[in-house]
Structures are given as C-alpha cells and as structure tokens.
Amino acid sequence: MKKFLTAAVAMMMLAGCSNTPKPTPTPEPEQDYAAKSEGVMTFAEYDAAELDTKVTIEAYVLGHQSWWNDKVTVYAQDPDGAYFLYELPCSEEDAAKLVEGQKIKVTGYKSEWAGEVEITFDEGDMTALEIEEGNWIAEAVNADEFWGSPDLITMQNRKVYFTGVTVEDYTTDEDGATGAAFAYKNPTDKTDDLYVQLTKGDTTYEFCVEYYLCNEETDVYKAVEALNIGDVVDVEGFLYWYNGPNLHITAVGAAE
Amino acid sequence: MRRKIAAALLCLCLTALCGCHGSRGMSAFAIPEEFDETKTYELTFWAKNDTNKRQTAVYEKAIADFEELYPNIKVNMRLYTDYGRIYNDVITNISTGTTPDICITYPDHIATYMTGTNVVVPLDELFADEKYGLGGNELKYDGPRQDEIIPQFLDECAIGGTHYALPYMRSTEALYINRDYVEALGYEVPDVVTWDFMFDVAEAAMAKDEAGVFLINGQKIMIPVIYKSTDNMMIQMLRQKNAGYSDADGNIAIFNDTTRELLETVAVHAKSGAFSTFKISSYPANFLNAGQCIFAIDSTAGATWMGSKAPLADIPADQFVDFETVVRMVPQFDPEHPQMISQGPSVCIFNKPDSQRVLAAWLFAQYLLTNDVQIGYAETEGYVPVTSKARNTDTYQAYLEEAGTDGNLHYDIKIQASRILLDNVQYTFTTPVFNGSASLRDAAGQLIEKVTKSVRRKETIDDAYMEKLFADVTALYRLDQKQGGAAYTEDSLGPLPAASKALLAGLCGVWVLILGYLAWDYRRRSS
C-alpha cells in the first residue's frame, strides 16, 4: 500500500499535487530531524501550549495551497507532529521555495478554527517565515486504527493514509441521495473543492480535494471524479479538521 | 555618432509615447443604433454564489432562457464563492485586457476597476436608451423600467453621480437568537435588540460550574456573541453613533474617539469570552445550531444555515440542539432610529473594443433583473428582489405568506430574515464609494479582529495600544495614501503622481534635445 501511495503521490502533487517527479521519502534519518534550534518549540511544547499564545516552530513542508495576496497556507510536519500554517504571510518568491521537504521556521499564534488547531499570523507580518537549511520528507502514516475513534485527532495535520474505505452515495441533508460518488462545491466550472464521503465500519467521514492544493488539472482531482459508489479505495492526504476529520486528499486509488 | 544619438533620442521618445499610448485605454463605449443579430457574441459572466446549489441553478436557467431569446449570444459563466477572488481576478485581467463582459461585484470594487480608462461601462445612457434601455421597446423580455428598481438600491450603484452597475440582489445583516437560552437567563427578547442588552445577556451566559461546564448549555463551549463580518460591525456601530468613517471624497475619518470606545467595549467582551468573530472561531451558524452561541450575527443571505432545523448545515446532525430561533435586525444603540447596512451583489459590464458585444452584455445584465431571475434567486436565501416589479408579483407575495409551511423553500428563518430588509429599507445605508473604500472596509474589520485577538493573547489594551493599532492598520491598508475621490471625470483625477510628472518632464527634455540637435545641425549645414 505504501508503495502504491508513494508512487501515486509522486505523480499527483501540485505543490503537494504536481505532476513532476517527487523525491522518495528520506531513508532512515542519520540526523535528528526533530531537533530544534534555540528558542524553537519541540512539537510536544507546541502541543502543550495554550491557544492564542505565541509559538515558534520548525518543520518541513508537506505541501501548500496556492499563493495569493502575499499569503500561503502551508501543511508542515516534523517527525513528532504536524502543523497547519493558515495564511502565512509570504512573498511569491518565498512561496516558490516551499517545496516538499523544505525546512522552515515560523512564528505565529496557536489558534483553533472549527476544531482545526493551526498557527495564524498577524496580517502582513512578513517576518513570520524563515526558510532554513535542511530537508526531510515525511512518509505517510497508516491511520486505519483511528478510523471512527476519537483518538484520530491525535493524527491531526499529519500526512496519513487509510485503506479499504468505501465510497458512499454523496448525500446532503438538502438533496437526499444524489446517485453520485462525489460532489463539486462548484459544479459549473470546477473552480472549487471536490467532496467525497467514505465509510469503514459504522463511521462515515467527508473528505475533500482542496482546490487550492490540488486543482482540477491534477490527477487526484480526476481520480476522485472517476470514483463510483461502492468502490473500495485507499486514500492519502493531510489530516485537516473541519468540525471533524476532513482529510485533504492528495492521492486515491483502488484498495490493494 | 551624432546619428546614433539622434536615433537613440528618437527611440526614447517613441518608447515614451508608446508608453503613454498604452495607458490611455479603450475608447468610451457608444451605444450602437441597432443590435446586430446576424453576428454571434460569446460573453463571459463572472458570478458568485454562497455555496448554494440552488443559486447556481438559477444562474444556469437564466442563461439558458436568455440564450433562447437571443440565439446569437452565448454566455459562459465562471462561478466564484468569494468576492475577494473575483476582485483580484478582475484587477489582474484589467492589465491584460481580458476582463469578463459581465461581473457580479460590489460598488467598492468597481471604484478600483475604474482607475483604468473606460474599463467599466457607465450605464446611464444605456438605462435611458429607448430601444435597449430599461424597459426598452426592442427588448425580447419583460425587463423592469428604471422606476421599478428600488431607488435606494439603484443609488448605491452610482459613483460620482454616474451609475456603473445594476443592483442584482440585496440583503442586510440580521441577529439570529437562541430565544430559549435568553429566556433561561431571565431576559425577554425585545423587538429591537440593543448592543447593551446583547452583551448583558452574553455576560450572564458565561457562568460555569467547577468543572468548567457552562451552566446555560451544559457544554464546555459557549461563545454567546459571534459576528461574521466585523467590517460591517464597525461600520454599523459608527453609523449608529453618528461617528466618522469616511466621506465621498475619500477622506478617512475612522480613527476617532468613538472608534476607540467601541474597541474598548469589544475588548471587554472578548476578554470574558462572551464575544468572538468568524475569523477567530468559525461560522456563527455552526455554534448557534450546536447550542454554543446565543447571538449569531450574519447576513440575511446566510439564513438557510441558521437555526436548529436549518436546511443547510456544516455540522453533523448529532451536534444540533433543539431551540427556538428568532430573527431581529442587527443590534442598535438607538432603537428609535435604527440603522443597518445594505449589501448584496451588483452587476457591472466591462468595456470592449466591439460596442455590439458590450450591448449584448448589457442585454444579459438587464435580463438578470427580470422577475423569474429575481424571484428565483431571492428565494434561495434571505435576499430580496431589487425591483418593485418582482416584489409585487403574486408569486413573490405568496412565497412570503407561506413562511414556515415547509422547512426548505419556505424555511421560516429565511423568510423572517428577508422581511428584516423588506420592512426596513428606509433604515438602510451604504458607505461612500471611492478608490480605496474597499481597503477602508477591510481596515474597519481588522480593528475589531485585532483587538479581539490581542485580548485573547493577553496583551494590554490601553491608549498606547490604540495608537499603535491605528498606525499599523493605517499602514497595512495604505490609508494614508489617499487614492482618489468619488468623482471619476477626466478633469478631476487630482494632481499627477510624481512618476507621471517625471515622465512628462523627461519627454519635454527629449524634445528639447531633439530640437536643439536639429537646430544645431541646420546651422552647421547652413554655415
């Protein structure tokens, strides 16, 4: 499974989903990638920090959404945990440097929005991001054991994958069953997110292809569009949270 | 060598002239005598919906019906869910000459689009055109006359005395209240809620037991007041206080003592946890519906998400709690003289070299004001039609009368929200539009967001803080760089920027050198 997803991700990521070949995960670390510079929190310290406190972290880029208006939203991880950097003030030039594995140092405020623990920033604070020397690529972690469990939140923001989940009829309270395996947020010209509901056991989650991470040109977007109700798939992505788990899918394929 | 110098000077001169030529933009649009139906026109329409599939369906039906009437016009729609993205994309496309033909937008944004020459089509002559104007005799549909557009809404589309847009839909903000919780705290919901009342109830709701559970809802989460659009919050508070915001000439007046007092009030309730915002906490509807908020303030155009039986929802069904929702106008300082913002999408058309294509765009823009489109779209949310023609139809009146008869099309909270605006149009207002007014609006919201965040971050809110806040927000939104007034006539664009002055001076210098060289050369040859 890991091989499949690694290969799939390699084809699908665009700043996370680009079609360019992607480096394979870094082999067994020879150095301590969780080590922090002076004045930087470990993940445990970050995790323990109260909301609305100032935090400084170092991490490695997993992917990022499209740069816009001097901001970029970044998914990042270190060997101990993961971070969601919401609307990080950033020049377009620096955003181009945020390739997968790039080490960064970020100073902002620990925040929570609809259950998503994230780092937010003062508007226009162009000092929040420092691009550092270093490179480490996180390998996706199997999170099957947490499906349907409240403990899934311990995996929040990490690069994870789930195996053997079933594609549901995409149903909304408004419309009832639609007979479709997925739903466009904007069906007219596909310029927004793509939703899919996946079930394993008694639990169904709604995941999405986040448009600004993987747009309609990416293979993952097209792969979700090709899903059928009842398909059993493996799915990989960044474990975002929106009133519950809301994986930002970066790869999907038939279950192995 | 001299020849080279002369050629270089000429090149420089031509380059400079070319630069000037490029900046002049297109010629002003002139209405063609007749619409040419022998040619085909492919139009681009940038629209916005509220993540509501019914709105998309209304747009699609409008396009299909229009194309049936005008088979030579094809309308390609691009949908956005965010006005900010439309604004950004239009700005980008102005520079490349690839603007859409028709665009849903806000007048604040149009003011910025108009910094280019003849980019946005002024509409007054089109309004009055006998054949193709509002209610024109050559139209293939029954459009409204100008006097059938609600005057207040039409006025909102005028910049410097000229109309640059048509109103498309209008909404205001509403206060969605969990009445059960208010009454459980010993209060009665008044017809007009004041800010003081709301914050009194909110503070009363903050009582917890020893385990940190809120007594009012038995949960660990309770944010009694959540405001969706803090720019509107500040704008309405200032208006209700008759305090400064800006004038039509673009003079910024927001940094005043009343603003400080309002921010101090915000700080008090942010500190107790009784107040938060969408940007900081998430959608007010989600907290309201989960019994974690008592006063949710959001657009009437978000009404279908509000209430324990809301037809649209973002939270799992098991997180909903049952309560009675009531809808009121936004909180007031003076209930006898209420004031509330008028907002909602307008539609503008962009100039193109082919005036026939612009006329085709105008025909479609105007079609959006026909009854079926107006009523169809208004019924998707707590919007109201912008024409009396649509409002007075039996269809729309029946829709209003049937409030609560079902939980979807006639969802009572949605229709109550629409009535807030229908019944109070005389109390609505808009803010002055000028190049830079969109930034000022952002700054107004940023003041509240920043104070709320700072309190949560345990920063001290005092005079020094306010001074720095005002300075920071001024710099961030470039409010110290007045960008122009509301009157966009050719002769009232203000003094030339320094760069332009330098360019003109350079041009003069070039001509002096050329003429000097020619004179010297002539004298040399003569001698």
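What counts, and where the lines are drawn
Residues numbered from 1 in each chain as written. Chains lettered and ligands numbered in written order. Predicted model: local features only at pLDDT ≥ 70, side-chain atom pairs only at ≥ 80, totals over all residues. Heavy atoms only, no water. Helix = DSSP H or I, 4+ residues; strand = E, 2+ residues; numbered from the N terminus. Domains from an automatic or database assignment. Contact = heavy atoms within 4.5 Å. Buried area = accessible area lost by both parts, 1.4 Å probe. Salt bridge = Lys/Arg side-chain N within 4 Å of Asp/Glu carboxyl O. Core = buried A, V, L, I, M, F, W, Y, C linked by side-chain atoms within 4.5 Å. Buried < 20%, exposed > 50% of the residue type's maximum accessible area, 1.4 Å probe, protein only. Phe/Tyr/Trp six-rings, centres within 6.5 Å; stacked < 30°, edge-to-face > 60°. Pairing = 2+ DSSP bridges. Polar contact = N/O pair within 3.5 Å; in protein donor to acceptor, adjacent residues only side chain to side chain. Nonpolar A, V, L, I, M, F, W, Y, C, P; charged D, E, K, R; others polar. Axes fitted to C-alpha atoms, helices over the stretch in contact; angles between N-to-C directions. Parallel < 35°, antiparallel > 145°, perpendicular 65-115°, else oblique. Arc of directions from axis to C-beta.

## Regarding the environment of Gly 307 of chain B
- Mapped onto the secondary structure, Gly 307 of chain B falls in the loop between strand 10 (295-299) and strand 11 (325-329).
- In this structure, the C-alpha to C-alpha distance between Gly 307 of chain B and Asp 322 of chain B, residues 15 residues apart in sequence, is 8.5 Å.

## Quick word on unusual backbone geometry
- At Ala 114 of chain A, a position not held by glycine, the phi torsion is positive, near 55°.
- Relative to the assigned elements, Ala 114 of chain A resides in the loop between strand 4 (102-113) and strand 5 (116-120).
- Of note, Lys 458 of chain B is a non-glycine position whose phi angle comes to about 65°, a positive value.
- One can find Lys 458 of chain B in the loop between helix 18 (437-456) and helix 19 (463-476).

## Focus: the domain arrangement of chain A
Residue and element names in this part refer to chain A.
- Examined at the domain level, chain A breaks down into domain 1 (26-135) and domain 2 (141-254).
- Summarising the inter-unit geometry, the C-alpha centres of domain 1 and domain 2 are found 24 Å apart.
- On the domain 2 side, the residues contacting the 19 residues of domain 1 number 14 residues.
- A combined buried area of about 1,400 Å² lies between domain 1 and domain 2, and 50% of that area is made up of carbon and sulfur atoms.
- The largest contributions to the domain 1 side of the interface with domain 2 come from Tyr 75, Ala 114 and Glu 116, which together make up 32% of the buried area.
- Across the domain 1-domain 2 interface, the total number found is 1 salt bridge.

## Description of the nonpolar core
Residues and elements named next belong to chain B.
- Within the largest apolar cluster, 77 residues are counted, with the highest numbers of intra-cluster contacts made by Tyr 176, Met 198, Leu 263, Phe 275, Phe 295 and Leu 469.
- For this core, the element with the most residues is helix 18, which contributes 7 residues.
- Each of domain 1 (39-171 + 344-425) and domain 2 (173-342 + 427-476) contributes no fewer than three residues to this core.
- Grouped together as the second largest cluster of nonpolar side chains are 63 residues, Tyr 83, Phe 127, Phe 153 and Leu 369 included.

## Brief notes about the packing of aromatic side chains
- Scanning the entire structure with this criterion turns up 47 aromatic pairs over all chains.
- Summarising the aromatic geometry, the rings of Tyr 211 of chain A and Tyr 212 of chain A are spaced 5.7 Å apart at their centres and angled 75° between planes, so their arrangement reads as edge-to-face.
- Given a relative accessible area of 27%, Tyr 212 of chain A falls into the partly exposed group.
- On the basis of an interplanar angle of 50° and a centroid distance of 5.6 Å, the ring pair of Tyr 113 of chain B and Phe 350 of chain B is categorised as tilted.

## Quick look at the pairing of strand 4 of chain A
Residues and elements named next belong to chain A.
- In terms of residue burial, strand 4 counts as a mostly covered element, since 10 of its 12 residues are buried.
- Sheet analysis places strand 1 (residues 54-64) next to strand 4, joined by 7 bridges and oriented antiparallel. When the bridges of strand 4 are listed, Ala 59 appears paired with Ile 104.
- Inspection of the sheet shows strand 4 paired to strand 6 (residues 129-135) by 4 bridges, in the antiparallel sense.

## Topic: the interface of chain A and chain B
- Taken together, the 25 residues of chain A in the interface contact 36 residues of chain B.
- Regarding the contact of chain A and chain B, the summed buried area is about 2,500 Å², with carbon and sulfur atoms giving 43% of it.
- A salt bridge links Arg 456 of chain B to Asp 52 of chain A, with the shortest nitrogen-to-oxygen separation between them at 3.3 Å.
- Put simply, chain A and chain B have 9 residue pairs in polar contact (both at pLDDT 80 or more) between them.
- The greatest single-element share of the side of chain A that touches chain B, amounting to 3 residues, is contributed by strand 4 of chain A.
- Each residue belonging to the side of chain A that touches chain B can be placed in one class, and the counts come to 7 nonpolar, 7 polar and 11 charged.

## Brief notes about the sheet that holds strand 8 (residues 225-227) of chain B
All names here are of chain B.
- Strand order in the open sheet formed by 5 strands is 9-8-10-7-11, with mixed pairing between adjacent strands. The outermost strands of the open sheet, each flanked by one partner alone, are strand 9 (275-277) and strand 11. Geometrically, the sheet is characterised by an average inter-axis angle of 25° between neighbouring strands, direction not taken into account.
- Pairing geometry for strand 8 and strand 9, over 3 bridges, is parallel. Bridge assignment links Ile 226 to a residue of strand 9, and that residue is Ser 276.
- With respect to the sheet, helix 9 (residues 230-240) is in contact with strand 7 (173-178), strand 8 and strand 9, its orientation differing from that of strand 8 by roughly 100°.

## Considerations on the packing of helix 16 (residues 394-401) of chain B against helix 17 (residues 412-422) of chain B
Residues and elements named next belong to chain B.
- Closest axis-to-axis distance for the helix 16/helix 17 pair is 9 Å, and the angle between their directions is 120°. As far as their axial angle goes, helix 17 and helix 16 are oblique. Side by side, helix 16 and helix 17 meet where Tyr 396, Tyr 399, Leu 400 and Glu 401 of the first sit next to Lys 414, Ile 415, Arg 419 and Leu 422 of the second.
- Here the residues of the contact of helix 16 with helix 17 are counted per class, giving 5 nonpolar, no polar and 3 charged.

## Observations concerning helix 16 of chain B
Residue and element names in this part refer to chain B.
- Among all positions of helix 16, only Tyr 396, Tyr 399 and Leu 400 are buried. Down the axis, helix 16 shows its buried residues gathered within 95° of arc, on one side only. Every exposed residue of helix 16 that faces more than 90 degrees away from the buried side is listed here: Asp 394 and Glu 401.

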